[in-house]
Amino acid sequence: MNILILPFKGVKTHEVSKWQQIPWPRVKERVVKLQGFIYSASKAGDIKRVRKFQHLLVNSYEAKLLAIRRATQDNTGKKTAGVDKARALTPKQRLELASSLRIPTQSSPLRRVWIPKPGTDVMRPLGIPTIKDRCLQALFKLMLEPEWEAKFEPSSFGFRPGRSCRDALAAIQANIQKRSKYVLDADIAKCFDRINHKALLDKIGMTGGFGRQLLAWLKAGVLDGSTFSETDLGTPQGGIVSPVLANIALHRMEDHLKKFVCQFPMTYASGTVIKKSRRGETVTLIRYADDFVVLHHDKKILLACKAELVRWLGEMGLEFSPTKTRLTHTLELQSDDVEAEGFDGTVGFVFLGYQIKQFASKYGSAKSTAGIPLGYKTLIFASAKARKKHQDKLHELIIATGKGLGQLALIKVLNPVIRGWSNYFGAFESNTTGVLTKMDYLMYLKLRKWASRKTGSANTSTRYWVPTGKSKWNFGVKNGPMLVKHYDFSTPSSKILRLKGEESPYSPNREYWLNQQRVRPGLSSRKVFLLKKQKGRCNWCGCLFRWDDIEEVDHIIPRHAGGLDKPGNLQLLHRHCHHRKTALESKYKSNQPVPDPSYG
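Nothing here was measured: the structure is a model prediction, and the numbers come from that model.

Chemist: Residues and numbers for the overall build of the protein, please.
Modeler: When its secondary structure is counted, the protein shows 18 helices and 17 strands. Taking 25 Å as the expected radius of gyration for a compact globule of 600 residues, we find that the protein reaches 26 Å, a close match to that expectation. If one aligns the C-alpha atoms of the protein with their principal axes, the spans along those axes are about 75 × 75 × 55 Å. Out of the 600 residues belonging to the protein, those deemed buried represent 50%.

Here it is as structure tokens:
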């Protein structure tokens, strides 16, 4: 029998022999505390203390329990099988695994899975670890990530806790809105597949058991069907720890460029010569995973930066993708900006699905620090490719597969798609440029066609639209479900909360991250309301929601038992807490709220 003995409020000790009885608040508190120690020690440059607390963390039973829960319950790919063909663990098996997790442990080969790359016919390889290896990697990540979060550059945003695509875009906007610049729009070819193992391990600097465990994962090999292949390069996409390793491999890229450009003479827009000690501030690198942009006002310096990055990436075994790397300008190209240098004649660039471009305009023009109009404004909005892909999806759902659906069923299918796209692409100037209203209009045309097919006449098809509130033309049922609109999810630049430089969720500044939790991108108004109502805590386990938690809206009295979809019957729970409550609902089969067992 596996016994977890932990002190918590009101009781000296608590014995747990079942997974459902684990006191998760105390488990998380212990892990978060140790992660905070690792972060602080790393920030202070005390590597000896970092390793001390990392050993305490990976050997603690609490960290093992939390790692297993994240790998087998919270992770969206939790039921993808590795070479052992195991897809899930029972609660009893999870407890048994927690007692046997050890670092280092010999790694099993990865199972090769091929998935289509979004928007192309290219197949991308994934390497799926076994459940045990996934749990070990989740445990390793718990102690590795805080160390490197204290070191990472503030311009890095991809696969980092508390940071998002919107933060990266906001950083670009802040950098170019006062001065137009040349841009190196870069992409690293097969980044995850080509990282040099020795260069990566030397950079991480771990020895002993930690170093042997990393090497075991990197050299585990891949099983594609019945064919085994050794892995001499790269860190596999599909591993829990792989995104952190990729970020470590690309760490200090911006810092290197800032030192590199100091050798070139340059001036401010006013013509004033820039001192050598300040020249590094003129170049900016914004990176999201293996996609990044380099911004500078001088083309010659930007070309020199590109050549230097070729050399720097080569040391890590990486190189630019020749088809995805280009040079451009945010406002206008000059006659000497030629194809031989990397220009393709297009002004502006697309980053993370958004078009970023400056337009000459005397109305709403950006102003210099002295308040002088600059004659242009910076616009960031959903790219043409992103808009077309979304409309193609709506066409498929409404015209192709939706022709056999009733109105309520169609609304149920469309609303999540519209919310998801608009929550991401509705930010910055997507509203002021008319992107969101055009998305609504094009969707309306598709719905009119759907309605005409249903009624057999364009004149009678208007019965599917009803007046609600201030709007007189809404696709829905009177006093019932309504189709949401893209326009409703607009988030202008003025309402985007910019991330503070080097802030990290592992820092002691918990109040800051609690506020960030409520305004992070993609959070629905319903979740924002419930977070505020519940004071940031899960109604089931009582834990504060953290940046790495997955929240789900739950009906206190289930819908199938007559519960209403109204605020008074809603609560916000962790995903694993929601699963536990749903399992108990099946057991009780009642139209009353499920009893809340301690830490259930």
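Chemist: Explain empty space enclosed by the protein residue by residue, including any values.
Modeler: Using the criterion set out here, one finds 3 cavities of 30 Å³ or more in the structure. Empty space within the largest cavity amounts to approximately 70 Å³. Among the elements that make up the lining of the largest cavity, the one with the highest residue count is helix 9 (residues 208–218) (3 residues). Looking at the lining of the largest cavity residue by residue, the classes come out as 8 nonpolar, 4 polar and no charged.

Chemist: Let's hear about the pattern of salt bridges: which residues, and what values?
Modeler: Within the structure shown, the criterion is met by 23 salt bridges. Linking Arg69 and Asp74 is a salt bridge whose minimum nitrogen-to-oxygen distance equals 3.5 Å. Residue Arg69 shares its accessibility class with Asp74, and that shared class is buried. Salt bridges sharing common partners tie together Lys299, Asp336, Asp337 and Glu341.

Chemist: Break down the nonpolar core for me, citing the residues and quoting the values.
Modeler: Membership of the largest hydrophobic core comes to 81 residues, with the highest contact counts inside it found for Leu65, Phe140, Met143, Leu144, Phe292 and Val294. If you tally residues by element for this core, the top one is helix 5 (residues 131–149), at 10 residues. When neighbours within four sequence positions are excluded, Phe292 is seen to be in contact with Leu184, Asp185, Ala186, Ile188, Met253, Leu285, Ile286, Arg287, Leu309, Phe320 and Phe351. Counting residues in each nonpolar core, the second largest holds 34 residues, with Ile172, Val293, Phe425 and Ile496 among its members.

Chemist: So, the sheet that holds strand 13 (residues 376–382): which residues are in play, and what are the values?
Modeler: Here 3 strands make up an open sheet; going across it, the order is 11-12-13 and the pairing antiparallel. Each of the sheet's edge strands pairs with one partner strand only, and the pair in question is strand 11 (349–351) and strand 13. Averaged over all pairs of adjacent strands, the angle between strand axes in this sheet comes to 30°, irrespective of strand direction. Where strand 11 and strand 12 (residues 354–360) come together, 3 bridges link them in antiparallel fashion. Residue pairing in the sheet places Phe351 in a bridge with Tyr354 of strand 12.

Chemist: Mind laying out the packing of aromatic side chains, listing which residues take part and the relevant values?
Modeler: Evaluated as defined, the whole model comprises 22 aromatic pairs. Their ring planes at 55° and their centres at 5.7 Å tell us that Tyr354 and Tyr424 sit as a pair that is tilted. One end of the pair, Tyr354, is in strand 12; the other, Tyr424, is in helix 14 (residues 407–425), and 70 residues separate them in sequence. Taking NZ or CZ as reference, Arg69 lies 4.6 Å from the ring centre of Trp24, over its face. The lysine or arginine in question, Arg112, covers the ring of Trp114, its NZ or CZ lying 5.7 Å from the ring centre.

Chemist: Could you give me a rundown of the domain arrangement of the protein, with the residues and numbers involved?
Modeler: Accessible area lost when the parts come together is the quantity often used to give the size of an interface. Segmentation of the protein into domains returns domain 1 (267–379), domain 2 (382–488) and domain 3 (504–587). When each unit is reduced to the centre of its C-alpha atoms, the spacing between domain 1 and domain 2 is 37 Å. The interface of domain 1 with domain 2 comprises 7 residues on the first partner and 11 residues on the second. Between domain 1 and domain 2, the buried area comes to about 600 Å², and carbon and sulfur atoms account for 59% of it. For the domain 1 face of the interface with domain 2, the top three residues by lost area are Gly353, Tyr354 and Leu379, together amounting to 75%. Along the contact surface separating domain 1 from domain 2 lie 4 residue pairs in polar contact (both at pLDDT 80 or more). Of all elements in the fold, only strand 12 and strand 13 reach the threshold of two or more residues within the side of domain 1 that touches domain 2. Residue composition of the side of domain 1 that touches domain 2, grouped by class: 4 nonpolar, 3 polar and no charged.

Chemist: Help me get a handle on helix 12 (residues 299–314), residues and values and all.
Modeler: With 16 residues, helix 12 ought to run about 22 Å at 1.5 Å a step, and its terminal C-alpha atoms sit 23 Å apart, in line with that. Where helix 12 begins, the side chain of Asp298 points an oxygen toward the backbone nitrogen of Lys300, at a separation of 2.9 Å.

Chemist: Outline the confidence of the model for the protein, listing residues and values.
Modeler: Here the protein shows a mean pLDDT of 88. Residues at 70 or above account for 93%. The spread of mean pLDDT over the elements of the protein runs between strand 1 (residues 4–5), the lowest at 46, and strand 11, the highest at 97.

Chemist: Could you give me a rundown of the packing of helix 8 (residues 197–204) against helix 10 (residues 242–249), with the residues and numbers involved?
Modeler: Two elements in contact, helix 8 and helix 10, have axes separated by 9 Å at closest approach and are oriented at 85°. What the angle tells us is that helix 8 and helix 10 run roughly perpendicular. On helix 10, the residues that touch Leu200, Lys203 and Ile204 of helix 8 are Leu245, Ile248 and Ala249. Looking at side-chain class alone, the contact of helix 8 with helix 10 contains 5 nonpolar, no polar and 1 charged residues.

Chemist: Quick one: what's the story with the environment of Arg463, residue by residue and with numbers?
Modeler: In this structure, Arg463 sits in the loop between helix 15 (435–455) and strand 14 (465–468). When its relative accessible area of 58% is taken as the criterion, Arg463 is described as exposed. C-alpha separation for the pair Arg463 and Phe210, spaced 253 residues apart in sequence, amounts to 66 Å.

Chemist: Lay out unusual backbone geometry in plain terms, naming residues and giving numbers.
Modeler: Note that the residue after Ile103, namely Pro104, is joined by a cis bond; omega there is 10°. Along the polypeptide, Pro104 turns up in the loop between helix 4 (91–100) and strand 3 (110–116). Positive phi, close to 60°, is recorded for Phe428, a residue that is not glycine. For Phe428, the position within the fold is in the loop between helix 14 and helix 15.

Chemist: So what's going on with helix 14? Which residues, and what values?
Modeler: Along its 19 residues, helix 14 runs 26 Å from first to last C-alpha, staying within 8% of the 27 Å computed at 1.5 Å per residue. The axis of helix 14 is deflected most strongly, by about 25°, at Leu414, and proline Pro416 appears within four residues downstream. Residues of helix 14 that are buried: Gln407, Leu410, Ile411, Leu414, Asn415, Ile418, Trp421, Ser422, Asn423 and Phe425. Among the structural elements, helix 6 (165–176), strand 12, strand 13, helix 13 (384–400), helix 15 and strand 15 (471–475) are those in contact with the buried residues of helix 14.

Chemist: Any details on the packing of helix 3 (residues 61–74) against helix 5? Residues and values, ideally.
Modeler: Helix packing for two helices is described by the angle between their axes and how far apart those axes are. As a packed pair, helix 3 and helix 5 sit with axes 8 Å apart at the nearest point and diverge in direction by 125°. Classified by the angle their axes make, helix 3 and helix 5 are oblique. With respect to the hand of their crossing, helix 3 and helix 5 are arranged in right-handed fashion. Residues Ala63, Lys64, Ala67, Ile68, Arg70, Ala71 and Thr72 of helix 3 form the contact with helix 5, whose participating residues are Ile131, Arg134, Cys135, Ala138, Leu139 and Leu142. Of the residues contributing to the contact of helix 3 with helix 5, the split by class is 9 nonpolar, 1 polar and 3 charged.

Reading the values: rules and limits
- Residues numbered from 1 in each chain as written.
- Predicted model: local features only at pLDDT ≥ 70, side-chain atom pairs only at ≥ 80, totals over all residues.
- Heavy atoms only, no water.
- Helix = DSSP H or I, 4+ residues; strand = E, 2+ residues; numbered from the N terminus.
- Rg over C-alpha atoms; globule rule 2.2 N^0.38 Å.
- Buried < 20%, exposed > 50% of the residue type's maximum accessible area, 1.4 Å probe, protein only.
- 1 Å grid on protein atoms, 1.4 Å probe; cavity = no way out; pocket = protein on both sides within 12 Å on 5 of 7 lines; lining within 4 Å.
- Points joined across faces, edges and corners; volume = space filled by probe spheres on them.
- Nonpolar A, V, L, I, M, F, W, Y, C, P; charged D, E, K, R; others polar.
- Salt bridge = Lys/Arg side-chain N within 4 Å of Asp/Glu carboxyl O.
- Core = buried A, V, L, I, M, F, W, Y, C linked by side-chain atoms within 4.5 Å.
- Contact = heavy atoms within 4.5 Å.
- Pairing = 2+ DSSP bridges.
- Axes fitted to C-alpha atoms, helices over the stretch in contact; angles between N-to-C directions.
- Phe/Tyr/Trp six-rings, centres within 6.5 Å; stacked < 30°, edge-to-face > 60°.
- Lys NZ or Arg CZ within 6 Å of the ring centre and 35° of its normal.
- Domains from an automatic or database assignment.
- Buried area = accessible area lost by both parts, 1.4 Å probe.
- Polar contact = N/O pair within 3.5 Å; in protein donor to acceptor, adjacent residues only side chain to side chain.
- Expected span 1.5 Å × (residues − 1).
- pLDDT = per-residue confidence, 0-100.
- Parallel < 35°, antiparallel > 145°, perpendicular 65-115°, else oblique.
- Bend = angle between axes of the 7 residues up to and from the residue.
- Left-handed = near helix turned anticlockwise from the far one by under 90°.

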